[in-house]
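Observations on chain architecture
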Amino acid sequence: MLNIKELLDKVKASPYREIVVCAPHTGVVEFAGLKVGDKVSGRRGDFMEKPGTLLANLTREKNTKTITAPEKGEIESVRTELEGQFVEAGEPLVTIKHFLTRKEVIELILQEALYLFRAPERAKYYFVPEVDQKLKVSGKRSVKVSEGMELMIVSRMKRETPLSYSGPEGIIYSVYFGRGDNVDEGEPLIGICPEDQLTVIQDVVARIQSEWEEEV
Amino acid sequence: MDIDRKIQDLKDRLSYVCDIFGDKEDDNIRLLTAKLQDLLDKEQNLPGSVLVEEVGRLDELFDFCERKLDTVLTPMDKVRIVRHPQRICLKDILENVYDNYTEIGGRGEFNIDPSMLIARAYFTRRVGDKVINQMVMVIGQEKGHGEAFRNGGSVKPWGNAKALHYMKVAETENIPVHTFVFTPGAYPIEDWPGAAQQIARNLYEMAALRAPVISVFSEGGSGGAEAVGLADRRIMLSHGYYSVISPEGAAAIEGGLRGGDRATPELIEKCAKQLCITADDNLQNGYIDKIIQEPPLGARPNHYEFFRELRRELIQATNEAVSEVKSMKLYRAMAVRARRSDDAEAIFMRWTLSRSALSRLVELRQRKFRAMSRHARLDGTGIFKRMVASTKSSVEAVHSYLRYDLLGKQKRRLDVMVEELGAEAHLVRQKLLMPLKRTLDKTMGSETMEAKKGEEVREMLTRLSCPEDGACLVGSEWAWTSPRSQEDRTISCPNVRTHHCPDLWVPDLFGDFAGVCPSCGHHFPMEYKWYLENVFDYGESKEFNRELESMNPLNYEQFELKLDKAKEKTGLKSACITFETVIEDVEAVVAVLCAPFRGGSVGAAEGEKFIRAAERAGRKRQPFIAYVHGTAGIRIQEGVNGVIQMPRCTIAVRRYIDAGGLYLVLYDTNSYAGPVASFLGCSPYQFAVQSSNIGFAGPGVIAETTGMAIAPDYHRAYHALSRGHIHGIWDRREVKKNLHQSLLTMGGRNLYYR
């Protein structure tokens, strides 16, 4: 049994996620003059067409490419000692402190609280027709799964094989894959919630929805 | 009760005056405000007869002050008058000018596009003892003050399509068209049939519409105005404006504003003045034929005398247009020409025209537009050269008449006959000779020959390719490579996020690859010289009208400097290059709009060059290719001198196509606005180089005028293709091949050169 209250407190104690922006490839780095504490924004616009705040320029073979902020947040540290130097790929350059959004917090809690059934291999996944229909007609929470139940179809290289569920008994709380998307190995497919914990989890989600202050 | 109404009327007049003059301080306005306030304060205590007298006096004072204020109106004040909700609109005109009307294709908001109003109307007149009804088709934008569904007179593409449809109806019914221009500009949505494309279609059809067209300009905003404004007679209301762009838009461009910043009122005022948008300016420049004087401070729906005047003018203008082309010209034609507008109602003239008269009408209209905007360009060709050129062109014209019209027709007839006879003979011969051959083959035997042939074929199909035959040579040598290819550096493709293209070495990219990413096919913008040399063989070709030069006809502030800079930078005199060339044995005339010269914007010089190129292509019976390296639209600093190139060039293109020419358009990089919405968009064959953008208004303008954010790939060539704006997308490296292929396949019977 998971202590959700404790989990929530932990998140509340540090409502941030640290994003380390690394050099995507080798090159000479030039920072855009951001200081610790500066606010940055991620991609914006109705179509995500406006790039995020410029963090640094990386020049390789006289080809200067920009590194922009992936998410909204605050600059936590900048490795100014690397200014004008040649760095290798993967070298951390800037750390951004990203204030978790409501959606991210819910996701975080759910990932801890639910049992995640993961993809055994990279492939496309579909629910078996009976489950699919039930999901469509009565919604996610209506499907109960148990050990050994034939739940999905793995579609790979034009071959479709059935996949049985293994894990604790419960109901499907969330679905993490889209129709026709390729899912990488180890990525969660569905989140299962034991029946007795359903109310608790829903409670927590509702609480986060109302209490979590979104930073604007 | 009556006195209350009069006082309310005075209040309205004062608020109107205040609206028109905005924040400007003026003694007259202050006086009127004080006097009216004074009257309102005293109103309760005054006895009725005195009050009537006071109101009467104040009414006269209002008249006097309005007349006085009318003399100090600035162009921007006129823009405010035109935009004012109290301004007359098309519905008022329909009610007050025509004797009866029926709206067609719309009722309130139930309409294809409520901002375009169509009505069949008639004038009833008493001439002598007879009562006469004369039909017209009324087409115009309706601002419908306060009616949001009318969209402020900004017509959507389907509204313009509706207008075109009813123009064709008028043509069929042989009645005149009266168009009313009441639009701040067209609505820039690209959905089918496309904002730009539809305006281009309208212009193309109006260029040879076989019906008299009279247009009245009140608010003429660029493309929206042109969609219904190509007319035999253009009348303008004295307080209206006709412009290439709104003063605010011009100010935003001048001030270099971005992202929602507003220009200062002073700058807007200055731009309005510089753009020469008023009726007087337009009359002086020759873009309208007549001004109708409005009452002081602009016409409002209760100015009935003005409506009577407008009615007289409309009848007069229609009479004029008709009498000019009538085959039988009697005393009435003289009376019409005398232009005594009081008589207009008394002169009756049938407005239906005969077939030949309609042809003359179209010819006159085309000639009228051809003669416009002469003053707005420089012609540096010397007198001697000009004489030589004109002699040459007349010789060409005579030659082409003899070769293609006089002899050509007979020759074609003969050719067809010979061809038919040849085919007939072939069939007969085959029928007779085949059995003979078969028996001969059987008796003689030709197996050895067959076997030999078979071996040859097998050898050809199965042998390995031999480099020395030239089949395996990879890479190609371009006749011209971009100077950018000299740089030793790499560059990343903009599609790297989605297509994971590897970085490109610049000498490769701009050298061998011709600016095309080998991984995803993205086309990096390329200089126009690349096309000139690699596609059109510019070195071998014959350029003409080189000396036509762009100038600053409106004395727009600092524009001279900018023009000089552009001329120095590019070495050109205008954004248009015209030349004759040969593409794989096919002779053609090419007009190029090059982006580095002021964004490839079209002004009077460019328009003239384009027209002359089209005429030359017509004379020489050669296909005409417009290669648009890039165009930002009409050059706003030239004001209406620029906009008028839209109908002018379209007419030239129409004449060329009607005469049997093949007109091809190829877009590259970015092509927007006026040119696309007229002489480029009307081509039946439009192609684009991959990764180019085509549209009516750029993303910034769309965001500003409609408040809608558009997707970054909204104007991409592929979207334009799926919307039906263009008819094909070409790879840059294959442009020459495709062009040649098109010249061969699209010519058909429309081409003289074959």
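Values in this document were obtained by computation on a predicted structure and should not be read as measured data. (Residues numbered from 1 in each chain as written. Chains lettered and ligands numbered in written order. Predicted model: local features only at pLDDT ≥ 70, side-chain atom pairs only at ≥ 80, totals over all residues. Heavy atoms only, no water.)

Some thoughts on the overall build of chain A
Helix and strand content of chain A: four helices and 16 strands. Seen along its three principal axes, the alpha-carbon backbone of chain A occupies a region of about 60 × 45 × 30 Å. Counting every position in chain A, which comprises 216 residues, the buried fraction comes to 38%. Here the analysis covers contacts within chain A between residues at least 6 apart in sequence; of these, 71% occur between residues at least 24 apart. As presented, chain A carries roughly 12600 Å² of accessible surface, and 49% of it is formed by carbon and sulfur atoms. Within chain A, the 36 negative side-chain charges are centred at a point lying 4 Å from the centre of the 30 positive side-chain charges. (Helix = DSSP H or I, 4+ residues; strand = E, 2+ residues; numbered from the N terminus. Buried < 20%, exposed > 50% of the residue type's maximum accessible area, 1.4 Å probe, protein only. Contact = heavy atoms within 4.5 Å. Areas by Shrake-Rupley, 256 points an atom, 1.4 Å probe, with all protein chains shown as cover. Lys, Arg positive; Asp, Glu negative; His and termini not counted. Charge placed at Lys NZ, Arg CZ, Asp CG, Glu CD.)

Quick notes on the sheet that holds strand β14 (residues 170-175) of chain A
Residue and element names in this part refer to chain A. If you trace the four strands from one edge of the open sheet to the other, you get β9-β16-β14-β11, paired in antiparallel fashion. The sheet is open, and its two edges are formed by β9 (115-118) and β11 (144-145), each paired on a single side. Across four bridges, the pairing between β14 and strand β16 (residues 188-193) is antiparallel. Paired with I171 across the strands is C193, a residue of β16. Packed on one face of the sheet, helix α4 (residues 198-211) meets β14 and β16 and runs near 25° to β14. (Pairing = 2+ DSSP bridges. Axes fitted to C-alpha atoms, helices over the stretch in contact; angles between N-to-C directions.)

Re the nonpolar core
Residue and element names in this part refer to chain B. Among the nonpolar cores identified, the biggest contains 139 residues, and I139, F536, F624 and Y663 are the most heavily contacted of them. Once residues within four sequence positions are removed from consideration, Y663 is found in contact with F610, F624, A626, V653, Y656, I657, F679, L680, S683, P684 and Y685. If you look at the next biggest cluster of nonpolar residues, it comprises 37 residues, including I88, L94, A119 and A321. (Core = buried A, V, L, I, M, F, W, Y, C linked by side-chain atoms within 4.5 Å.)

Notes on the interface of chain A and chain B
Facing the nine residues of chain A at the interface are 11 residues of chain B. Between chain A and chain B, a total of about 840 Å² is buried, with carbon and sulfur atoms accounting for 45% of that surface. When the buried surface of chain A facing chain B is broken down by residue, A:F47, A:K62 and A:N63 rank first, second and third, together holding 52% of it. At the boundary of chain A and chain B, one finds three salt bridges. Note that B:D503 and A:K65 form a salt bridge whose closest N and O atoms lie 3.1 Å from each other. Between the two partners, chain A and chain B, sit seven residue pairs in polar contact (both at pLDDT 80 or more). (Buried area = accessible area lost by both parts, 1.4 Å probe. Salt bridge = Lys/Arg side-chain N within 4 Å of Asp/Glu carboxyl O. Polar contact = N/O pair within 3.5 Å; in protein donor to acceptor, adjacent residues only side chain to side chain.)

Observations regarding the confidence of the model for chain B
Counting all residues, the mean pLDDT for chain B is 90, and 95% of those residues have values of 70 or more. Overall fold confidence (pTM) sits at 0.88, and the ipTM for the predicted complex is 0.73. (pLDDT = per-residue confidence, 0-100.)

Re the packing of helix α2 (residues 27-42) of chain B against helix α3 (residues 48-70) of chain B
Residues and elements named next belong to chain B. It is at 10 Å that the axes of α2 and α3 come closest, and there the two elements cross at 170°. In terms of axis orientation, α2 runs roughly antiparallel to α3. Like other packed secondary-structure pairs, α2 and α3 cross with a definite hand, here left-handed. Each of N28, I29, L31, L32, K35, L36, L39 and K42 in α2 lies in contact with α3, whose residues at this interface are L51, E54, V55, L58, L61, F62, C65, K68 and L69. Of the residues in the contact of α2 with α3, the class split is 12 nonpolar, one polar and four charged. (Parallel < 35°, antiparallel > 145°, perpendicular 65-115°, else oblique. Left-handed = near helix turned anticlockwise from the far one by under 90°. Nonpolar A, V, L, I, M, F, W, Y, C, P; charged D, E, K, R; others polar.)

Considerations on the sheet that holds strand β1 (residues 16-22) of chain A
Residues and elements named next belong to chain A. On the basis of which strands lie adjacent, the open sheet formed by four strands has the order β1-β8-β6-β3 and antiparallel pairing. At either end of the open sheet lies a strand with only one pairing partner, and these are β1 and β3 (39-40). Looking at chain direction, strand β6 (residues 73-78) and strand β8 (residues 92-99) are connected through four bridges and run antiparallel. Within β8, the position partnered with E74 by the bridge is K97.

Details of the pattern of salt bridges
All names here are of chain B. The full count for this structure, using the stated rule, is 71 salt bridges over all chains. Among the ionic pairs, R654 bridges to E205, the shortest N-O distance being 3.8 Å. Residue R654 is located in helix α23 (residues 645-658), and its partner E205 is located in helix α7 (residues 195-206); the two are separated by 449 residues in the primary sequence. For K620, the salt bridge is made with E580, and the minimal N-O distance between the two is 3.3 Å.

So, the side chain of A:H98
Residues and elements named next belong to chain A. Structurally, H98 can be placed in strand β8. Within the local environment of H98, its side chain forms a polar contact with the backbone oxygen of K72, the two atoms lying 2.5 Å apart. Those residues in contact with H98, other than ones at most four positions away along the chain, are P15, Y16, R17, I19, E71, K72, G73 and E104.

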